[in-house]
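Now for the letters of each chain:
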Amino acid sequence: MTDKEKILKCTDQALRYLAIREHNEFELKTKLLRKNYDAETVNKVLENLKKDSSLSEERYVTSFIRSNNRRHPEGKSLILQRLASKGTDRSVAQKITHNIYTEEYTDDLICRLIENLIRKGKAENLKQAITKHGFSANEITRAMSQHTGNENSADTCRTNFT
């Protein structure tokens with residue numbers, strides 16, 4: 001097989017992975033190497049995919065945060081740990097999380113978490129439970145004061161996390 005054919009085949013495989021969901025460079029490289037593509041071919045393919053914006057660390061981080069928080073609300077510190085464990089570029093992860101985790105977004109996540117914990121009958125030690133999800137004491141205090149200070153708190157806590 002020629003180098004050109006290897007690159008085309010590897011690119012096709014990479015695009016199939018990316019069609020399913022966003023990947024970061026580390027994940028995609030690992031998957032392609034496991035498919036027995038040589039490192040030189042994989043590196044060329046990854047560079048080409050980055051150049052044509054098919055592979056984007058920023059999109060991956062954004063997608064990961066939104067998807068993860070839809071299922072399990074987590075604070076910025078825990079999300080950054082999860083992204084680091086997936087080999088995500090640290091500076092990109094920090095920049096994107098800083099942009100996404102506004103006060104309003106964080107308060108909404110905590111509010112949803114409070115509702116989930118209450119619904120599951122785990123209302124004791126709410127602050128401790130929420131801290132385990134990666135939120136700071138200041139964030140928890142701010143969000144809880146908004147949650148409990150509003151008669152219509154269930155309505156104000158509902159946010160579309162898309």
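Cut-offs applied
Residues numbered from 1 in each chain as written. Predicted model: local features only at pLDDT ≥ 70, side-chain atom pairs only at ≥ 80, totals over all residues. Heavy atoms only, no water. Helix = DSSP H or I, 4+ residues; strand = E, 2+ residues; numbered from the N terminus. Rg over C-alpha atoms; globule rule 2.2 N^0.38 Å. Buried < 20%, exposed > 50% of the residue type's maximum accessible area, 1.4 Å probe, protein only. Contact = heavy atoms within 4.5 Å. Lys, Arg positive; Asp, Glu negative; His and termini not counted. Charge placed at Lys NZ, Arg CZ, Asp CG, Glu CD. Axes fitted to C-alpha atoms, helices over the stretch in contact; angles between N-to-C directions. Parallel < 35°, antiparallel > 145°, perpendicular 65-115°, else oblique. Left-handed = near helix turned anticlockwise from the far one by under 90°. Nonpolar A, V, L, I, M, F, W, Y, C, P; charged D, E, K, R; others polar. Core = buried A, V, L, I, M, F, W, Y, C linked by side-chain atoms within 4.5 Å. Phe/Tyr/Trp six-rings, centres within 6.5 Å; stacked < 30°, edge-to-face > 60°.

> Teacher, can you tell me more about the overall build of the protein here?
Within the protein, the regular secondary structure consists of 10 helices and 0 strands. Moving toward the C terminus, one meets the helices and strands of the protein in the order α-α-α-α-α-α-α-α-α-α. Over its C-alpha atoms the protein spans a radius of gyration of 20 Å, topping by over 25% the 15 Å that the globule rule assigns to 162 residues. Residues classed as buried in the protein amount to 40% of the 162 residues present. Within the protein, contacts between residues separated by at least 24 positions form 64% of all contacts whose residues are at least 6 apart in sequence. One way to put it: in the protein the 29 positive side-chain charges average out to a point 5 Å from where the 23 negative ones average out.

> When you look at the packing of helix α5 (residues 76-85) against helix α6 (residues 90-100) in this model, what are you seeing that I'm missing?
For any two helices packed against each other, one specifies the inter-axial angle together with the distance between the axes. The N-to-C vectors of α5 and α6 enclose an angle of 150°; their axes lie 10 Å apart at closest approach. Classified by the angle their axes make, α5 and α6 are roughly antiparallel. Viewed along their axes, α5 and α6 form a crossing whose handedness is right-handed. On α6, the residues touching K76, I79, L80 and L83 of α5 are A93, Q94, T97 and H98. Of the residues contributing to the contact of α5 with α6, the split by class is 4 nonpolar, 3 polar and 1 charged.

> When you look at the nonpolar core in this model, what are you seeing that I'm missing?
Nonpolar side chains tend to gather and get buried jointly when the protein is soluble and globular. Ranked by internal contacts, the top residues of the largest apolar core, which has 24 residues, are V61, I65, L83, Y101, I110, I130 and F135. Those elements that place two or more of their residues in this core are α4 (57-71), α5, α6, α7 (103-119), α8 (126-131) and α9 (137-148). If one sorts the elements of this core by residue count, α7 sits on top with 6 residues. Once residues lying within four places of it in the same chain are set aside, the contact partners of Y101 are I65, N69, E74, G75, K76, I79, T106 and L109. By size, the runner-up hydrophobic cluster in this structure holds 12 residues, among which are A14, L18, L28 and L49.

> Looking at this structure, I do not really get the packing of aromatic side chains. What am I missing?
What characterises a pair of aromatic rings is the spacing of the ring centres plus the angle enclosed by the ring planes. On inspection of all chains with the given rule, the structure shows 2 aromatic pairs. Pairing Y101 with Y105 gives two aromatic rings, centres 5.3 Å apart and planes at 90°, and the pair type is edge-to-face. Here Y101 matches Y105 in class, with each residue buried.

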